[in-house]
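# Observations on the three-dimensional arrangement
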Amino acid sequence: MLAVHLVSFFFSKLQEDPTKKVDRFLHAMRLHDDQLSDISARFQAEMKKGLSAESHEAAAVKMLPTHVRSTPDGSEKGQFLAVDLGGSKFKVLQVKVREGVGIRKGEVEMEEKIYPMSKELQVGKGTELFDHVSESVKDFLQEKNISLKKRHPLAFTFSFPCEQLSLDQGLLLNWCKTYRARGLQGKDVVQVLRDSIDKTGGMDIEVLAMVNDTVATMMTCGFDDQFCEVGLIIGTGTNACYMEEMCHVDLVEGDEGRMCVNTEWGAFGDDGALDDFITEFDRDVDAASTNPGKQIFEKMVSGLYLGELVRLVVLKMAKLGLLFDGHVSDALRTKGKITTAHVAAIEEYRNGLKNTKDLLMQLDLNPSPDDCVAVQHVTTIVSFRSSNLVAAALAAILTRIKQNRNLRGLRITVGVDGTVYKTHPQYPKRLHKVVRRLLPECHVRFVLSDSGSSKGAALVAAVAQRLASQRRKVYEVLSQFQLSPEELQLVKARMRAGLEAGLRPEGPSTIKMLPSYVCRTPNGKEKGKYLALDLGGTNFRALLVRFKRHNARLYHKLYTIPLEIMQGTGEELFDHIAQCVCDFLDYMGMKNAHLPAGFTFSFPCEQTAIDTGTLVSWTKGFKATDCEGHNVVNMLREAIKRRNDFDLDIVAMINDTVGSMMSCAYEDPQCEIGMIAGTGTNLCYMEDLKNIEKIEQSRGTTEKDKGTLKEEEKKVELADFESIMRFSRNGGIQTRKTERDAETSKMCINTEWGGLGDDGSLEDIITVHDSEVDQNSVNPGKQRFEKLTSGMYLGEIVRQVLLALTRRGLLFRGHVTETLKTPGIFETKYLSQIESDNLALLQVRCILQKLGLDSNCDDSIIVKQVCGAVSRRAAQLCGAGLAAVVDKIRENRTLDRLNITVGVDGALYRLHPHFSQVLQETVRVMAPQCEVTFLPSEEGSGKGAALIAAVVRQKHEM
């Protein structure tokens, strides 16, 4: 009874607009934008599942890594053979990429020959299939008069599902189309091809790469358009690939750069994800296929099935009396009678209705004009749904790329191939329109692939060859920064020799080994209030430090040193500092207090007492006159006297390295080394007084103009010498034994180790890039060790390396920008940012773009490698130098094993993601008998100065 009512209802509609009745009949196939966005979101979830190692096995969309890590950049060149196997015929080609006279940049020439593939070979033994391919390659070489003796790189297009373990290794997952060759499933088809080539003999062929047709399409279009990072096939089958961030590809080790992922999106919906969008006609197509329940998405959109979907819809409508007055022919009942070619013909703009009528009459039907309109509309809805579904899935891929790169908008090109896209008159326009509607913020360009499979495979091989050559050349440059264990041992030995030489009075030494006159480290009993004054750059800091019961509280204020003061007179500079101190005392409400103060003065000074320091030379942009060669502590005291509104007892002067040691020693009594790894680099340590030979010889001569013997005795007392020193008639100093020798027999030595190598002792590890940096510095030939290790120079070394690589065409497509030629443009802070493990290469690219360097993903990888090589060498050199120091201390004390702490400060140590780790590992390996603990210094230059003031005052009051 229900069937009768249905027939009656449909007959009542015969007189209405034929397209409206089709719309109602196929309403489930007409998808609106909300549904497409829903489908796109579902596909994004499937992509994520396929990329994850945990869920990959269960994922319907497999997201297979292809090991293609780069798209063409236009510089590829060479001659390649290509084999394209994927249908009833296969092709052998010679592909010339930018080879030969008159070929323009980017042009590719191809010669090809098509070879038959019999049904027997398709379903026979797999080895016989590949033997035939190999013999055809040899035939091609002979026919084209291509030398058999010459080595030929070969690219292999294999359009069947494979799991690729590398670019030249692919395990066949399963055959499809008409192929069923035995004995190959699960085997590496590239190796099978190689074995067949060896069996054929007489050829020297290297199989470089295997790709499928989707990847080849992307590569073909990418050769002419650098924005092409997506490949799309819409033909007999359908698939898509795109460049995914390596950090998301769990199935492949490493997280640097990008890799092309073959989505195999035809299986979307195999797990039920599309069940609410599947119609009865889709189910009928699936049930009649050779793989029911598989490739659901492909069966809804690809050319192999579109014609059959149209036939099933037309057949159902005819059976219900909605077409052909209810007449159904045997031809219409026959599977395969309507093909995708018919679908394209029916939708032709001018002849579509005529083609529709011709087809229907061929099917033994007698269609009315309304029947023809209705059938054409059926075809339009079926093909429109196909383009809508492809657009939704493609929008998911483009959205993922945009999100991966943290972009608001995206400019990208999609390379497309396939018979549906190329032959259907309306399909491309519909696809483009829907994608742009779903992603209005993205600029998406579609480019039709020209000879995609063959040309693209050759380009994959060309890119692989280019990258291999590029990696080799980059490695040659960066290998100069790789220090062998033997080289590091030599650096350690030279540092040790420099330390020893610097302690002796005779002969010059590149390591100055300056006595600091700090003879004790804190014992934790320090108490009271102390001022600390810190001048180390363009800012001056005044601090009040309160010590109480192993705790320290700091109050500070920062003051700017104007450029005109930095480069004015010395009197103006120290008057400005005195003004800042006065302001700080007012700020703290302590103007009338008479506090002991420590002065951190981080410029090269020669000290003859703990509160005396003669400026050797200004650095860091300071040029104040009448300071060099003068006692800067006295200059500050005189400036305070000129004000006559506060009083200050400056009891100690140190540099920032000593301050770091003292600050950390307050926390850890084993801290006897201070190290700075920042803009500059330096190290100090507690040396046995008996080893500091230069003090004994220099005391009588350098102090002659310092005042009376009584005044000198006072300074020595402040230096903690009173219990172990006595003065001879000529002013010399000799040691004497007392019960307190053990406590007072050391002095902190400021090594100024940055001068190591000034005598040429580091020439065997210094590169041409280091020499460029040195020659362009303000002090050529000086501070060679510092120029290899400190933050002031590492960025400039990196810039020199990048410049050299670019000039060789290995970076930035060989384009040397004015920015790259600008000294100082690549700051050391960029090394820390670029080498951060949490920083994606896209962010590296953003950093480079801010510097005016237009980079691609490959460039970003190389820049990161350069930064890593330069910073690692710096950390290793510092580690070798520190190993020399700790070993010296251990031997001084005749210990089998030394436990010691290093107080460390400096932006390079604190902020660089790997510097501290490499430094510590180097020391551990190079000084195996020393257990070295590293303690980051907090407020070292300020707190340390206050601590030294406390130590000196505490000792003076004993």
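Structure's up top.
Residues numbered from 1 in each chain as written. Predicted model: local features only at pLDDT ≥ 70, side-chain atom pairs only at ≥ 80, totals over all residues. Heavy atoms only, no water.

The next point concerns the overall build of the chain. Regarding its fold elements, the chain presents 34 helices and 28 strands. Taking 2.2 N^0.38 as the reference for a compact globule, 958 residues should give roughly 30 Å; the C-alpha atoms of the chain span a radius of gyration of 40 Å, well beyond that estimate. Counting only C-alpha atoms, the chain reaches 130 × 70 × 50 Å along its principal axes. Here the chain, with 958 residues, has 58% of them falling under the buried criterion. Contacts in the chain between residues far apart in sequence, at least 24 positions, make up 71% of those at least 6 positions apart. (Helix = DSSP H or I, 4+ residues; strand = E, 2+ residues; numbered from the N terminus. Rg over C-alpha atoms; globule rule 2.2 N^0.38 Å. Buried < 20%, exposed > 50% of the residue type's maximum accessible area, 1.4 Å probe, protein only. Contact = heavy atoms within 4.5 Å.)

Remark: helix H2 (residues 18-25) packs on helix H14 (residues 369-404), axes separated minimally by 8 Å, with the N-to-C direction vectors making an angle of 40°. Between H2 and H14, the angle is such that the two are oblique. Both H2 and H14 take part in a crossing whose hand is right-handed. When H2 is examined against H14, the residues Pro18, Thr19, Lys21, Val22 and Asp23 are found in contact with a partner set consisting of Asp370, Val373, Ala374, His377, Val378 and Ile381. (Axes fitted to C-alpha atoms, helices over the stretch in contact; angles between N-to-C directions. Parallel < 35°, antiparallel > 145°, perpendicular 65-115°, else oblique. Left-handed = near helix turned anticlockwise from the far one by under 90°.)

This part covers helix H6 (residues 189-200). A rise of 1.5 Å per residue sets the reference length of H6, with its twelve residues, at 16 Å; its end C-alpha atoms lie 16 Å apart and thus fit the reference within 8%. For H6, the elements touching its buried residues are helix H5 (126-143), strand S5 (151-158), strand S6 (162-166), strand S7 (169-172) and strand S8 (204-211). Two or three places before Val190, at the opening of H6, Asp188 has a side-chain oxygen 3.1 Å from that residue's backbone nitrogen. Phi turns positive one or two residues past the end of H6, at Gly201, with a value near 75°. (Expected span 1.5 Å × (residues − 1). Polar contact = N/O pair within 3.5 Å; in protein donor to acceptor, adjacent residues only side chain to side chain.)

The subject of this paragraph is the packing of aromatic side chains. As enumerated under the stated definition, the model contains 26 aromatic pairs in all. Their ring planes at 35° and their centres at 6.4 Å tell us that Phe584 and Tyr587 sit as a pair that is tilted. Taken together, the residues span about one helical turn, with Phe584 and Tyr587 both in helix H20 (residues 570-588) at a distance of three residues. Under the relative-accessibility criterion, Phe584 is labelled buried at 1%. Residue Tyr587 is classed as exposed on the basis of its relative accessible area of 53%. Taking 5.0 Å as the distance between ring centres and 50° as the angle between the ring planes, the aromatic pair formed by Phe601 and Phe603 counts as tilted. The burial state of Phe601 is the same as that of Phe603; both residues are buried. The structure contains a cluster of three or more aromatic residues connected by ring pairs, namely Phe130, Phe156, Phe158, Phe160, Trp175 and Tyr179. Residue placement shows Lys557 over the ring face of Tyr587; its charged tip is 4.6 Å from the ring centre. (Phe/Tyr/Trp six-rings, centres within 6.5 Å; stacked < 30°, edge-to-face > 60°. Lys NZ or Arg CZ within 6 Å of the ring centre and 35° of its normal.)

Okay, the pattern of salt bridges next. Inspection of every chain in the model, using the stated rule, returns 58 salt bridges. For Glu667, the salt bridge identified is with Lys943, shortest N-O distance 3.0 Å. One end of the pair, Glu667, is in helix H22 (residues 656-667); the other, Lys943, is in helix H34 (residues 940-956), and 276 residues separate them in sequence. Exposure remark for Lys943: the relative accessible area of 8% places this residue in the buried category. Between Arg784 and Glu763 there is a salt bridge whose closest N-O contact spans 3.6 Å. Remark: Glu763 occurs in the loop between strand S26 (746-750) and helix H26 (768-775) and Arg784 occurs in helix H27 (residues 784-789); sequence separation between them is 21 residues. Looking at Arg784, the relative accessible area reads 9%, which means it is buried. Judged by its relative accessible area of 43%, Glu763 falls in the partly exposed class. Here the residues in one salt-bridge network are Lys492, Arg496, Glu500, Asp887, Arg890 and Glu891, joined through shared partners. (Salt bridge = Lys/Arg side-chain N within 4 Å of Asp/Glu carboxyl O.)

On the basis of which strands lie adjacent, the open sheet formed by six strands has the order S14-S26-S23-S22-S27-S28 and mixed pairing. The sheet is open, and its two borders are formed by strand S14 (514-515) and strand S28 (930-936), each paired with just one other strand. When strand S22 (residues 671-677) meets strand S23 (residues 681-688), the two strands line up antiparallel, connected through five bridges. Of the residues in S23, the one forming a bridge with Ile676 is Asn682. Running at roughly 135° to S22, H22 makes contact with S22, S23, S26, strand S27 (898-905) and S28 of the sheet. Sheet strands touched by helix H31 (residues 857-892): S22, S23, S27 and S28. Its angle to S23, the strand with the most contacts, is close to 5°. (Pairing = 2+ DSSP bridges.)

Attention now goes to the pairing of strand S18 (residues 595-601). Consecutive side chains along a regular strand alternate between the two faces of the sheet. Judged by how many residues are buried, S18 sits mostly within the fold: seven of seven residues are covered. Taking every second residue as pointing to the same face, both faces of S18 are buried, with Leu595, Ala597, Phe599 and Phe601 on one and Pro596, Gly598 and Thr600 on the other. Two strands pair when backbone bridges link them, and strand S15 (residues 528-535) and S18 are joined in this way by five bridges, in the parallel orientation. Residue pairing for S18: Leu533 is matched across the bridge by Phe599. Strand direction decides the pairing type here: S18 and strand S21 (residues 648-654), joined by six bridges, are parallel. If you follow Phe599 over to S21, its bridge partner there is Met653.

Now for the nonpolar core. Core analysis: the biggest nonpolar cluster contains 115 residues, and Ile673, Met675 and Phe826 have the highest contact counts within it. Residue contributions to this core peak at 18 residues, all from H31. When near neighbours in sequence (up to four residues on either side) are disregarded, Phe826 contacts Gly795, Glu796, Val798, Arg799, Leu802, Leu831, Ile834, Leu848, Leu851 and Cys867. With 89 residues, the next largest nonpolar core counts Leu31, Tyr305, Leu323 and Ala331 among its residues. (Core = buried A, V, L, I, M, F, W, Y, C linked by side-chain atoms within 4.5 Å.)

Quick look at the packing of helix H13 (residues 352-362) against H14 now. Viewed as axis vectors pointing N to C, H13 and H14 meet at an angle of 100°, and their least axial separation amounts to 9 Å. Classified by the angle between their axes, H13 and H14 sit roughly perpendicular to one another. Together, Gly352, Leu353, Thr356, Lys357 and Leu360 of H13 and Cys372, Val373, Val375 and Gln376 of H14 make up the contact between the two elements. Taken together, the residues of the contact of H13 with H14 break down into five nonpolar, three polar and one charged. (Nonpolar A, V, L, I, M, F, W, Y, C, P; charged D, E, K, R; others polar.)

Okay, the side chain of Asp611 next. Along the chain, Asp611 falls in the loop between strand S19 (605-609) and strand S20 (612-615). You can call Asp611 buried: its relative accessible area is 7%. In terms of polar contacts, Asp611 uses its side chain to reach the side chain of Thr612, at 3.4 Å.

For the rest of this paragraph, the subject is the sheet that holds strand S12 (residues 410-417). With respect to topology, six strands assemble into an open sheet ordered S1-S11-S10-S9-S12-S13, the strand pairing being mixed. This sheet does not close on itself; its edge strands, each paired only once, are strand S1 (64-65) and strand S13 (442-448). For S1 and strand S11 (residues 258-262), the ladder comprises two bridges, and the chain directions are antiparallel. Within S11, the position partnered with Pro65 by the bridge is Val261. Here helix H7 (residues 213-224) sits on the sheet in contact with strand S9 (228-234), strand S10 (238-245), S11, S12 and S13, set at roughly 135° to S9.

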